[in-house]
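# Close look at the chain arrangement
Here's the letter readout for the chains.
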2 protein chains.
Amino acid sequence: MSSLFYNVQHSPIGAFASFTLGFRGAKGGLGIQQGRPADEPVYIGLESVDDPNRFEALPFFDRDGNDESTRYVDEDSAAEPEQDDHHLSAPPGVSIDFFDEKAIERELTMARDTWTAGDLTFRVISPRAPLPDPEATSPDHDALKLATCPAVIVEIEVDNTRCDRARRMFFGFSGNDPYSALRQVDDPAHADLRGLAQTSLKGIFSDQPEVITGQAFALEAVLRSVNPGNRRFTLGPVGAALADTPAGQKATYRFAVAFYVDGVVTSGQDATYFYSRYFDRLESVARYALEHAADYRQHADRADEHLAKATHLNDDQRWQLAHAVHSYYGSTEFLDLGRAAALSPADRTPCWVVNEGEYRMMNTFDLTVDMLFYELQQHPWTVRNVLDRFIDRYAYHDTLHVPGGENIHPGGISFTHDQGITNHFTPVGMSSYELADLHGCFSHMSCEQLTNFVCCVGVYLEHTHDTDWLTRHTGLLEDCLVSLCNRDHPDPAQRNGIMGLDSSRTGSGSEITTYDSLDTSLGQARNNVYLAVKSWASYLLLEHLLTTAKRPQAAQAARAQAQRTADTLVSSADAQGRLPAVLFEGHDAPIIPAIEGIVFPYLAGRRDALDPNGPYAALVAVLGKHIDAALQPGVCLFDDGGWKLSSTSINSWLSKIYLCQYVYREILGKTWNDAGHASDRAHVVWLQHPRLSYWAWSDQMHSGEARGSRYYPRGVTAALWLTESSATTI
Amino acid sequence: MSSLFYNVQHSPIGAFASFTLGFRGAKGGLGIQQGRPADEPVYIGLESVDDPNRFEALPFFDRDGNDESTRYVDEDSAAEPEQDDHHLSAPPGVSIDFFDEKAIERELTMARDTWTAGDLTFRVISPRAPLPDPEATSPDHDALKLATCPAVIVEIEVDNTRCDRARRMFFGFSGNDPYSALRQVDDPAHADLRGLAQTSLKGIFSDQPEVITGQAFALEAVLRSVNPGNRRFTLGPVGAALADTPAGQKATYRFAVAFYVDGVVTSGQDATYFYSRYFDRLESVARYALEHAADYRQHADRADEHLAKATHLNDDQRWQLAHAVHSYYGSTEFLDLGRAAALSPADRTPCWVVNEGEYRMMNTFDLTVDMLFYELQQHPWTVRNVLDRFIDRYAYHDTLHVPGGENIHPGGISFTHDQGITNHFTPVGMSSYELADLHGCFSHMSCEQLTNFVCCVGVYLEHTHDTDWLTRHTGLLEDCLVSLCNRDHPDPAQRNGIMGLDSSRTGSGSEITTYDSLDTSLGQARNNVYLAVKSWASYLLLEHLLTTAKRPQAAQAARAQAQRTADTLVSSADAQGRLPAVLFEGHDAPIIPAIEGIVFPYLAGRRDALDPNGPYAALVAVLGKHIDAALQPGVCLFDDGGWKLSSTSINSWLSKIYLCQYVYREILGKTWNDAGHASDRAHVVWLQHPRLSYWAWSDQMHSGEARGSRYYPRGVTAALWLTESSATTI
């Protein structure tokens, strides 16, 4: 049964907030701007059918917590008469047990997470309303408000039909915000709202008159307060909403779990949350969310149905995709650049940020290029918004060096690894991550980020036909081509289509790839087969884009480089078609991501290049053979059947596995046989690890254990699966 | 030497913020709105004179911290070449040791805390500029800005005269804010500012061009970065500012330790920090503080000299007063009621709050009445501001019951225990603390809060001659008299001047006093001798105020009650003059606070009542005998000579001890003999406890150990000492 109790993030769109729930103990709760669960107790339960003084709860708090009342009372004196104690902690005879875990069921879907235990159903509904383009000529503010309202919906159903007395349900939490304490909601301006909150930061709210709230040192004292007036005890760290379902009836209680951060929330550049255009405080958020609960249910239906209809996917695949989407939104942050107090909404500039899970780096470019596919399905303008910001603030120009040489060769444009960290925008042209003089983790990724930019642009434009954007940035794309060519070889005559020089930004070091924490098979950028295929893709996309933009000469140069890359790759394959991880350097171990890069021509209008009988037939054939050779036990498969990205590293990344699985099936046309299904099962087991599933969806798996990139947004690469078989475009 | 290493709060006025320092380990740091130290590492040190790769530091961080870099790097693979490691953690050969503790000296004064170790001097200067009345007809905004700027000043002096090479000093920290990460300051709008900050919340800043900053996984990598460019590593949790003092020279480096909380910071009622009238962000605060460093030094001189000139006090007394004042300001919070974005400054309402130390209750009235004396010395308008808010929002009317009876007797006006907790203003007429049906801690304090109100008003008006206020509130004072009389006995003919009925707010319970966590000797309000003397004082003050306000009939009624109280007290004394803790109920154990209440007539224009030959001579004589009998070994003295408030409880409160010591010496005219000096010494030892001095100044001492009311503002009762002997009015 342990596989029930994994954390899932339930998040508004763009609030960098998560109501996380599912792992046993005080390991979930209402988190804001954090790279991990808030570690708050969450109280969910129902009065027992057998005993009005016994309550049963879901196991989301610790039962041996400290009694806060001891901080106030002199435990060495007998001053406190015993008859008073029940006002402060547990009234006599009242007990709370966890539900028998065997009686608990859970169902996770794209937009819902539903727990049932006895006569109680607890359901979290995540907002999934469409997020329209805020930079459109006439933005749809009603839709934007619905999509960005920083709350999730909770529904609690009590089936009391088999009981002849009213029974009490409860839903509450203890907040961990260090700067404020729990309070009961009693704003006179919102008299019909009730709930528990920590200042104006976060809280749970109901608008149903039958719901009451309480606060105490102990949950028991809230549930069965000796004096109901004493439920208003603002010193108490435990808060819960209560409602009694009449005998023989069913009832549904609806809550908004709301978040709100006021004022300027960033440094480096001022920004406020986009939602503050529409909401002035936590209560306004809660009120609106509750009033629009039916809308959120409807959009959740749509999202759930969309996944349910993907019958070409097995249950393990559907579960992983749903889980990944939940974590993606937990990292999303929709801001307005500018200072709220000083600006009218018209003067604000929307800024989309996806934070990098536990690391909280902002718009890490090597994640953007992976999450691209999901974002284009859901809200394509966010891709443009992030790319525009890379162009405006996080582009740079470098020179280049050959290994061990001086930085004397012409380079060109590239882009930083990220745009900042934890709500701090790094200065123009700087990331939070990249350092000089390194050969491993924290070095620069100049070449890969350049290909990431080109690939994002290509797929974005194919999807949106945003010709204005292409016209505006044609010169920039020409610069990208020059920069990418320069990174091959300073002498055009000696180019082979493969990155051969490192950026001056690395100083005396060398560039790495996004696989920064893996071994050299994937970590080193120069001559890397993963990056080589991505470079080939970039040249193909540039050829296409520059042709469209009427730059035939540049397009021709791109085509020539694509051909060189393909030729070099084909000539590097061994007799069985296997490609080495690093070309020319004796790193012959196979890696799965050799096939990753062909997703871009496939989705950016260059399927002609992937035609088995087309101009690059030899390369396509090699990649097909390579992956067959790699996906063998002892090579790129773990013992449990899970995919091992590099045959020489135990560190395997689920987001990239998902992407390569799409390429494997959809582009290379491989059959998903028993081994494929076994890998899906293995990956689910990894994510449901009895200890590490605390981290919700995680990416970096060390022999199946989440050891890095936890609480991570990148798993939405699995959204590509939805477009398999039944669809030909994303 | 252990007595050096106690925490002291260094706080701006009204920012609810503290740069806390002094306890060993990561136990101080930059805290905002917290009831305890931020538990952040603070890095302060200097390059060794003997070895440029060795640094010596004050012991304010832990040396066995986790290496954050392991979160990013795959420790199971050999991907990371060893030659790179020194970019991430300690470069080879660089070491940091703590200074030999025997070589460290510390001096704490009213406004300064100075550490010297070897050639390094580290000094924190707390802002002590006068805080003018913001509600004056023409507020002095320049002075208000200087007084409320949320920063403290740090001066670091390096004496490098005996060294023939430049030496590097460092000052830095790692921030604990859960919602943001450390950043280097690089706002283009503040190009000449440099420092380290957590988003816009808090940071350390310098405006000296010779100061540089760095950020890394390890302090060593900041101090001796292999590549200086790599000091800008925003993933690094360790940040420090550095400066090199040239060979043979002395240098002083000046920093602002700044705080800033943007937007609405409260719930219940909207409020922003008052300082946001003048400052729009952290950098503006730091810039201003550095530009005005000389002003802050000058005001610190004034405060230090004021204490130094109090030569009638011994060193232990001076140290305790200085320490208490530091903690007082750490709990102060100066707000503007209203919503900043919507209001012009003219529409905002200044609101002074003192938070209750570790409990963070706001304007707890039984603290207000103790801190009154200090506030009248420093910023008398804050007393009026708090009283006005009690009148406007936190007054209520009750009925009364005799023990075990119904709540059928007329009551009257009283005031809540507090105005909220942790930035949440509780609803009108409600505190965060008081519950019904209790007989101990968390019950209501209706009678005592009523006397607290009267005593605050009396002392405030005597000090300020604010006749407008008296005129405006004369009716209210008459109501207070009625209410206080009603709490004596429902039948005027049976009144004895002592509280005999409990508020209907207690339900079936009974009222307590501010000594809530003590045993019945001080905890029970009804018939309590402490409250009886405070009631006598209240009647005396009401008589005086109502006479001044030309309400002779009411004044006469107050006088009659004062006489009854005095008569009852005198008749309750035993043959030796000793008063029982609780009258009529057999609780005969002596308590020190029997004498506490006479501070009010003494400071509110009723010294006539304290004349040994005056109308209350008998009572004054009894109190003198009582305290002599109490202050005996085994009665109200601990073994170490410290004062024991109640002979039957080990829980003794330093703030109240300070107050009673003033009464003992100044009003009762007792000599401060060896026993007195021994008590001062004992109290210093309590506060310098090797473990519990983590909590800076604390109030509730259980046999000399701080066990409650820690990190507490109430110790400023010691400011009364300044007015002894040399002064006749505060």
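Look above for the structure.
Remember, it's a predicted structure, so these values are computed and weren't measured experimentally.

Procedures and definitions
Residues numbered from 1 in each chain as written. Chains lettered and ligands numbered in written order. Predicted model: local features only at pLDDT ≥ 70, side-chain atom pairs only at ≥ 80, totals over all residues. Heavy atoms only, no water. Helix = DSSP H or I, 4+ residues; strand = E, 2+ residues; numbered from the N terminus. Rg over C-alpha atoms; globule rule 2.2 N^0.38 Å. Buried < 20%, exposed > 50% of the residue type's maximum accessible area, 1.4 Å probe, protein only. Lys, Arg positive; Asp, Glu negative; His and termini not counted. Charge placed at Lys NZ, Arg CZ, Asp CG, Glu CD. Axes fitted to C-alpha atoms, helices over the stretch in contact; angles between N-to-C directions. Parallel < 35°, antiparallel > 145°, perpendicular 65-115°, else oblique. Left-handed = near helix turned anticlockwise from the far one by under 90°. Contact = heavy atoms within 4.5 Å. Nonpolar A, V, L, I, M, F, W, Y, C, P; charged D, E, K, R; others polar. Salt bridge = Lys/Arg side-chain N within 4 Å of Asp/Glu carboxyl O. Pairing = 2+ DSSP bridges.

Turning our attention to the overall build of chain A. From N to C terminus, chain A includes 18 helices and 28 strands. At 27 Å, chain A has a C-alpha radius of gyration in line with the 27 Å of a compact globule built from 730 residues. Expressed as a percentage of the 730 residues in chain A, the buried residues total 69%. Separation between the mean location of the 60 positive side-chain charges and that of the 95 negative ones in chain A comes to 3 Å.

Okay, the packing of helix H6 (residues 315-330) of chain B against helix H18 (residues 674-687) of chain B next. All names here are of chain B. Taken N-terminus to C-terminus, the directions of H6 and H18 make an angle of 40 degrees; their axes are 9 Å apart at the nearest point. One element, H6, and the other, H18, form an angle in the oblique class. With respect to the hand of their crossing, H6 and H18 are arranged in left-handed fashion. Seen from H6, the contacting residues are Asp316, Gln317, Trp319, Gln320 and His323; seen from H18, they are Asp680, Arg681, His683, Val684 and Leu687. Across the contact of H6 with H18, the residue classes break down as three nonpolar, four polar and three charged.

Another aspect to go through is the interface of chain A and chain B. The interface is formed by 75 residues belonging to chain A together with 75 residues belonging to chain B. In this structure, Arg281 of chain A engages Asp270 of chain B in a salt bridge whose closest nitrogen and oxygen atoms are separated by 2.5 Å. Looking at the side of chain A that touches chain B, the elements with two or more residues in it are helix H1 (85-88) and strand E12 (182-184) of chain A. For the side of chain A that touches chain B, a count of residues per class yields 28 nonpolar, 27 polar and 20 charged.

Residue and element names in this part refer to chain B. Within the open sheet, the three strands sit side by side as E22-E21-E25. Their pairing is antiparallel. Two strands lie at the open edges of the sheet, namely strand E22 (409-415) and strand E25 (502-503), each paired on one side alone. Across two bridges, the pairing between strand E21 (residues 395-401) and E25 is antiparallel. In the sheet register, His401 faces E25, and the bridge partner there is Asp502.

As a further point, take the pairing of strand E22 (residues 409-415) of chain A. All names here are of chain A. Among the seven residues in E22, six count as buried, and that is most of the element. Pairing of strand E21 (residues 395-401) with E22, which is carried by six bridges, proceeds in the antiparallel orientation. Residue Thr399 lies in a different strand from E22, and its bridge partner there is Pro410.

Okay, unusual backbone geometry next. Residue and element names in this part refer to chain B. Of note in the backbone geometry, Asn363 takes a positive phi value of approximately 50 degrees without being a glycine. Positive phi, close to 50 degrees, is recorded for Ser703, a residue that is not glycine. Within the secondary structure layout, Ser703 lies in the loop between strand E27 (700-702) and strand E28 (705-708). For Ser703, a relative accessible area of 43% translates into the label partly exposed.

It is worth stressing that arrangement in space is one thing and function is another; only the former is reported here.
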